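Commentary on secondary and tertiary structure
Below, each chain spelled out in residue letters.
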Amino acid sequence: MNRISTRTLTLLAMFTAAQIILARVLGFYLTDTLRVSFEYFVIVLAGICLGPFGGAVVGGLGDFIGSTILSGLGFFPPFILGPILAGFTAGVLARYVFRGSVDAWWKVMVITCVSELLGNLLCGSWASDLWMGTGFLALLIMRTPVKLGIMIIDGQFVYAVHRALRPLLRRGDRM
């Protein structure tokens, strides 16, 4: 059984804390079902840096802690699936599709866009439909322009921060 290093645990904690801050403290709602936040930037970055399991842990743990402690809306289980899926997808794409070589801007943008399309836009719209009963297609149409803009900004952030972190990360820090 592989042991998780202190460095990996520290990165998990740091990414989770950053995700909570970006989602719950700096995020805001445009409508009841449309939140503007840059939390997925950290989730995708964690998936790239720590692998599929690390990205999923950061997404799930950050969403659970943030929604139970810092949200007035409370915890609704389907919402946690989007961040988990996004972190897992980012890790799978970085590790297996790009074979750990996430050194080009376009690769980071592909990873970010695919992860956020699945986790944030599709899964988030589905969970919002379950919560509000508004209709999946209506939510998808309403949320798409804002989420696409956030996706592009997140991709730029992921590229810049990953490029700065790359020399500090060792290959063995992946989960």
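The notes below deal with the structure included here. Just so we're clear, the structure is a prediction, and the values are computed from it rather than from any experiment.

Rules used throughout
- Residues numbered from 1 in each chain as written.
- Predicted model: local features only at pLDDT ≥ 70, side-chain atom pairs only at ≥ 80, totals over all residues.
- Heavy atoms only, no water.
- Helix = DSSP H or I, 4+ residues; strand = E, 2+ residues; numbered from the N terminus.
- Core = buried A, V, L, I, M, F, W, Y, C linked by side-chain atoms within 4.5 Å.
- Buried < 20%, exposed > 50% of the residue type's maximum accessible area, 1.4 Å probe, protein only.
- Contact = heavy atoms within 4.5 Å.
- Bend = angle between axes of the 7 residues up to and from the residue.
- Expected span 1.5 Å × (residues − 1).
- Axes fitted to C-alpha atoms, helices over the stretch in contact; angles between N-to-C directions.
- Parallel < 35°, antiparallel > 145°, perpendicular 65-115°, else oblique.
- Left-handed = near helix turned anticlockwise from the far one by under 90°.
- Nonpolar A, V, L, I, M, F, W, Y, C, P; charged D, E, K, R; others polar.
- Salt bridge = Lys/Arg side-chain N within 4 Å of Asp/Glu carboxyl O.

A look at the environment of Leu-11
The topology assignment puts Leu-11 in helix H1 (residues 6-25). Along the primary structure Leu-11 and Gly-47 are separated by 36 residues, whereas in three dimensions their C-alpha atoms are 11 Å apart.

Regarding the nonpolar core
Core analysis: the largest hydrophobic core is formed by 24 residues, its most contacted members being Phe-15, Leu-45, Ile-48, Cys-49, Ile-111 and Val-158. Of all elements in the fold, only H1, helix H2 (39-69), helix H3 (78-97), helix H4 (105-132) and helix H5 (136-165) reach the threshold of two or more residues within this core. Discounting residues that sit within four places of it in the chain, Ile-111 has contacts with Val-44, Ile-48, Ala-90, Leu-93, Ala-94, Phe-98 and Val-102.

Here's the deal with H4
The largest bend along H4 measures about 35° and falls at Glu-116. Positive backbone phi, at 70°, marks Gly-133, one or two positions downstream of H4.

Some details on H3
For H3, with 20 residues, the first-to-last C-alpha span of 28 Å sits near the 28 Å given by 1.5 Å per residue. Along H3, the positions that sit buried rather than exposed are Pro-78, Ile-80, Gly-82, Pro-83, Ala-86, Gly-87, Thr-89, Ala-90, Gly-91, Leu-93 and Ala-94. Looking at the buried side of H3, the elements it contacts are H2 and H4. With its phi angle positive at about 55°, Arg-99 sits one or two positions after the end of H3.

Some words on the environment of Ser-115
Here Ser-115 shows up in helix H4. A sequence separation of 40 residues divides Ser-115 from Phe-75, and the C-alpha atoms of the two residues are 22 Å apart. Not counting residues up to four positions away in its chain, the partners in contact with Ser-115 are Val-44, Ala-86, Thr-89, Ala-90, Leu-93 and Asn-120.

So, the packing of H2 against H4
Where H2 meets H4, the axes come as close as 10 Å, and the angle between the chain directions of the two elements is 120°. Taken together, the axes of H2 and H4 are oblique relative to one another. Handedness of the crossing formed by H2 with H4: right-handed. Packed against H2, whose contacting residues are Tyr-40, Phe-41, Val-44 and Ile-48, the element H4 presents Ile-111, Thr-112, Ser-115, Glu-116, Gly-119 and Asn-120 at the interface. Looking at the contact of H2 with H4 residue by residue, the class counts come to five nonpolar, four polar and one charged.

Observations concerning the pattern of salt bridges
Following the criterion strictly, the structure yields three salt bridges and no others. In this structure, Arg-24 engages Asp-63 in a salt bridge whose closest nitrogen and oxygen atoms are separated by 3.1 Å. Of this pair, Arg-24 sits in helix H1 while Asp-63 is found in helix H2, placing the two residues 39 residues apart along the sequence. For the pair Arg-24 and Asp-63, a shared accessibility class is recorded, and that class is buried. Across the salt bridge formed by Asp-103 and Lys-107, the nearest N and O atoms sit 3.4 Å from each other. With relative accessibility at 41%, the residue Asp-103 sits in the partly exposed group.

That's the geometry; what it means functionally is another story.
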